[in-house]
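# What the coordinates show
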Amino acid sequence: MKDKLEEITEDNRKPYTAAVNTGQYIKKTGLTGKYDNVRRFWEDEVTRLFIRPFLKEAVDRKAQRLERLRILDIGCGGGDGYDLLMGITAKDVGIYEYAVDLINPEQLGFYRGIDINPDLIDQAREQHSTNNKVVFECGDCFDSSFTNSKPFDIYFTSYGTISHFTADQTAALISDIAEHSENDALLIIDWLGRFSYEWQDLWNADRKEQFMDYRISYIYPPEERSQLEIQSFPLKLTCREGATSIINEASRRSGMEIKIKKFFDRSIFVGRHIDTAEYNRHCTPVREAVNSLLEPNIRTDLNTLILDYVPREGFSELNRFFDKFSSSWNSLVNHTIEFLANYGDKTETEECGSNIYHFYPEPLKQAVQTMEKVVKSTGGLPGDSRANIIEPQLAYALRKLEMELQTGNGVGHGLVGVFEIKK
Ligand SMILES: C[S@@+](CC[C@H](N)C(=O)[O-])C[C@H]1O[C@@H](n2cnc3c(N)ncnc32)[C@H](O)[C@@H]1O
């Protein structure tokens, strides 16, 4: 009888063990980790929104020629770039529409990812094993067999990949791409920003090329960080001026025109190292607070979002930018706190905008108005509308400030350049 019972118990256990082994049984949270909420709803989205118009032009151009898109992802890591690009939505789609992708899967001809790290390539292959149009290869992107093959329409890099290389190496890589690509090919180049507040201690006025000793310490809980010996590696810090001179040099070497279409900053005040304060002791954990805004069923103490920018002597222009930006950010948070206090538990439909000062920058005026509308119209709805509607909207409103008050000068964790090759 006992043996029979053990057998049955064993049989019952197997399906659960199998399910646990798939990894699908892990309780995921967006509060920490590589794919935290800021990564998914802020960083990926900011990248998508900025590159969307250029990608749309490329998609339309290919469609007119009855051709399909070819994408090369350089330093593709675990293959996340595919989801980033294929997750771009078309602009201004109606709320009634279901299909919103900018690139329909049938419009993609070929996606090739290359990375020097075999473990990451294995991860990328595993992630995309059912997609025949996607190929991941292990190799060095300076091996010109990658760029010499049939030309691609989009040469893509993401999340600081190009910061692994010196200015000279990057100019060589871009020049090689320019020589082997066709007219109108797009180039998306992603560096670490030179003047992020996260590493204010490293700011200097030297025009020389600068590298930081980067530590991926943020993946460990704060209490473990100081106990562990975390390896560092050099990553290049770049501003708009430095990036422009690399592009000019690549253009000179290849003899091709490389047009600058856009520079944008990503994660001003919400970069990974804002929370560690390892390169600037004045930082407070704002990313943690924004992760909480975006997490379902969790309420955030909105005062933890308030920034106190500490200026650095000798950088008056940067101080002016950060002062103005942090004041706009704080003002939006404070208005939201006030709206919650005034209308939190009831819904109202009256006019919004009475609290907006005429000297606010336009994006701040719009963001405050949006928050007033959201709080007034959702306050009395069933469920936790503060945690699940109002707080995520505040995160999107803060994201809007980042997107519309910035200059693309290298003041965020990431600096991205979008370039077009002209032949
Ligand atoms: C910051 S990670 C970004 C990874 C990925 N693009 C993402 O968004 O998650 C930089 C990647 O560049 C790769 N890498 C560095 N040097 C390389 C080289 N010479 N050729 C190809 N890949 C390289 C690294 O292995 C790493 O996966």
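Its 20 residues give helix α13 (residues 385-404) an end-to-end C-alpha distance of 27 Å, which sits within 8% of 28 Å, the value for a rise of 1.5 Å per residue. A maximum bend of about 25° is found in α13 at Glu391, where proline Pro392 lies one to four positions downstream.

Moving on, we get to the environment of Pro53. By the secondary structure assignment, Pro53 is in helix α2 (residues 37-64). On a C-alpha basis, the gap between Pro53 and Ser245 in space is 24 Å, while along the polypeptide they are 192 residues apart.

As a structural note, the neighbourhood of the ligand is formed by 18 residues, with Gly75, Asp115, Asp140, Ser158 and Tyr159 the closest of them. Coverage of the ligand by the protein chains reaches 84% of its 590 Å² of free accessible surface. For the shell around the ligand, a count of residues per class yields seven nonpolar, seven polar and four charged.

Quick look at the pairing of strand β7 (residues 232-238) now. Pairing of strand β5 (residues 186-193) with β7 involves two bridges; the strand directions are parallel. Across the sheet, residue Leu192 finds its bridge partner in β7, namely Leu237. Bridge analysis of strand β6 (residues 210-215) against β7 gives six bridges, and the strand direction is antiparallel. Bridging from a neighbouring strand, Asp213 pairs with Pro234 of β7.

Its location among the elements puts Ala63 in helix α2. Using a relative accessible area of 38% as the deciding quantity, one classes Ala63 as partly exposed. Taking the C-alpha atoms as reference points, Ala63 and Cys76, separated by 13 residues in sequence, lie 26 Å from one another.

This next bit is on the packing of aromatic side chains. Geometrically, a pair of aromatic rings is defined through the distance of the ring centres and the angle of the planes. The full count for this structure, using the stated rule, is 28 aromatic pairs. Ring centres 5.2 Å apart and planes at 85° place the aromatic pair Tyr82 and Tyr111 in the edge-to-face group. Within this pair, whereas Tyr82 is found in helix α3 (residues 80-86), its partner Tyr111 is found in strand β2 (residues 108-115), the two being separated by 29 residues in sequence. Assessed through its relative accessible area of 12%, Tyr82 is described here as buried. Between Phe321 and Phe325, the aromatic rings sit 5.8 Å apart at their centres with planes inclined by 5°, giving stacked as the arrangement. With Phe321 and Phe325 both in helix α11 (residues 316-343) and four residues apart, this pair spans about one turn of that helix. Just as Phe321 is buried, Phe325 falls in that class too. Each residue in the set Trp42, Phe195, Tyr197, Trp203, Phe269, Tyr309, Phe315, Phe321, Phe322, Phe325 and Trp329 is aromatic and connected to the rest through ring pairs, giving one cluster. Residue placement shows Arg70 over the ring face of Phe152; its charged tip is 4.6 Å from the ring centre.

All right, on to the packing of helix α6 (residues 167-180) against helix α8 (residues 240-254) then. Contact geometry for α6 and α8: axes closest at 8 Å, N-to-C directions at 50°. Accordingly, the angle class assigned to the pair α6 and α8 is oblique. The two elements α6 and α8 meet at a crossing, and its hand is right-handed. For the pair α6 and α8, contact is made by Ala167, Asp168, Thr170, Ala171, Ala172, Ile174, Ser175, Ala178 and Glu179 and by Ile246, Ile247, Glu249, Ala250, Arg253 and Ser254, respectively.

Glancing now at unusual backbone geometry. A positive phi is found at Asp184, a non-glycine position, where the angle reads about 75°. Turning to its location among the elements, Asp184 is positioned in the loop between α6 and β5.

Bringing the state of the cysteines into the picture now. Scanning the entire structure with this criterion turns up zero disulfides. Among the cysteines around Cys138, which has no disulfide bond, Cys76 carries the closest sulfur, lying 9.0 Å off. Free cysteine Cys141: the closest other cysteine sulfur is in Cys76, separated by 10 Å.

What follows deals with the nonpolar core. With 78 residues, the main nonpolar core has Val290, Leu305, Phe322, Trp329, Leu332 and Leu398 as its most contacted residues. Mapping this core onto the domain boundaries places at least three of its residues in each of domain 1 (37-269 + 409-422) and domain 2 (286-404). The residues touching Leu305, leaving out its near neighbours within four places in the chain, are Ala289, Val290, Leu293, Trp329, Asn330, Val333, Leu394 and Leu398. If you look at the next biggest cluster of nonpolar residues, it comprises 27 residues, including Tyr155, Leu173, Ile189 and Phe419.

Moving on, we come to the domain arrangement of the chain. With domains assigned, the chain is organised as domain 1 (37-269 + 409-422) and domain 2 (286-404). Computed from C-alpha atoms alone, the centre-to-centre distance between domain 1 and domain 2 is 30 Å. Opposite the 23 residues of domain 1 that make contact, domain 2 presents 26 residues. When domain 1 packs against domain 2, close to 2300 Å² is buried across both sides, 67% of that on carbon and sulfur atoms. The largest per-residue losses of area from domain 1 upon contact with domain 2 belong to Trp42, Trp203 and Phe269, which jointly make up 34% of the total buried on that side. For the pair domain 1 and domain 2, the number of links is one salt bridge. Residue Glu43 pairs with Arg287 through a salt bridge whose shortest N-O separation is 2.9 Å. For the pair domain 1 and domain 2, the number of links is 14 residue pairs in polar contact (both at pLDDT 80 or more). Elements with a contribution of two residues or more to the side of domain 1 that touches domain 2: α2 and β8 (257-266). With 10 residues, α2 is the single largest residue contributor to the side of domain 1 that touches domain 2. Split by residue class, the side of domain 1 that touches domain 2 holds 13 nonpolar, four polar and six charged.

Criteria and cut-off values
Residues numbered from 1 in each chain as written. Predicted model: local features only at pLDDT ≥ 70, side-chain atom pairs only at ≥ 80, totals over all residues. Heavy atoms only, no water. Helix = DSSP H or I, 4+ residues; strand = E, 2+ residues; numbered from the N terminus. Expected span 1.5 Å × (residues − 1). Bend = angle between axes of the 7 residues up to and from the residue. Near = heavy atom within 4 Å. Areas by Shrake-Rupley, 256 points an atom, 1.4 Å probe, with all protein chains shown as cover. Nonpolar A, V, L, I, M, F, W, Y, C, P; charged D, E, K, R; others polar. Pairing = 2+ DSSP bridges. Buried < 20%, exposed > 50% of the residue type's maximum accessible area, 1.4 Å probe, protein only. Phe/Tyr/Trp six-rings, centres within 6.5 Å; stacked < 30°, edge-to-face > 60°. Lys NZ or Arg CZ within 6 Å of the ring centre and 35° of its normal. Axes fitted to C-alpha atoms, helices over the stretch in contact; angles between N-to-C directions. Parallel < 35°, antiparallel > 145°, perpendicular 65-115°, else oblique. Left-handed = near helix turned anticlockwise from the far one by under 90°. Contact = heavy atoms within 4.5 Å. Disulfide = S-S within 2.5 Å. Core = buried A, V, L, I, M, F, W, Y, C linked by side-chain atoms within 4.5 Å. Domains from an automatic or database assignment. Buried area = accessible area lost by both parts, 1.4 Å probe. Salt bridge = Lys/Arg side-chain N within 4 Å of Asp/Glu carboxyl O. Polar contact = N/O pair within 3.5 Å; in protein donor to acceptor, adjacent residues only side chain to side chain.

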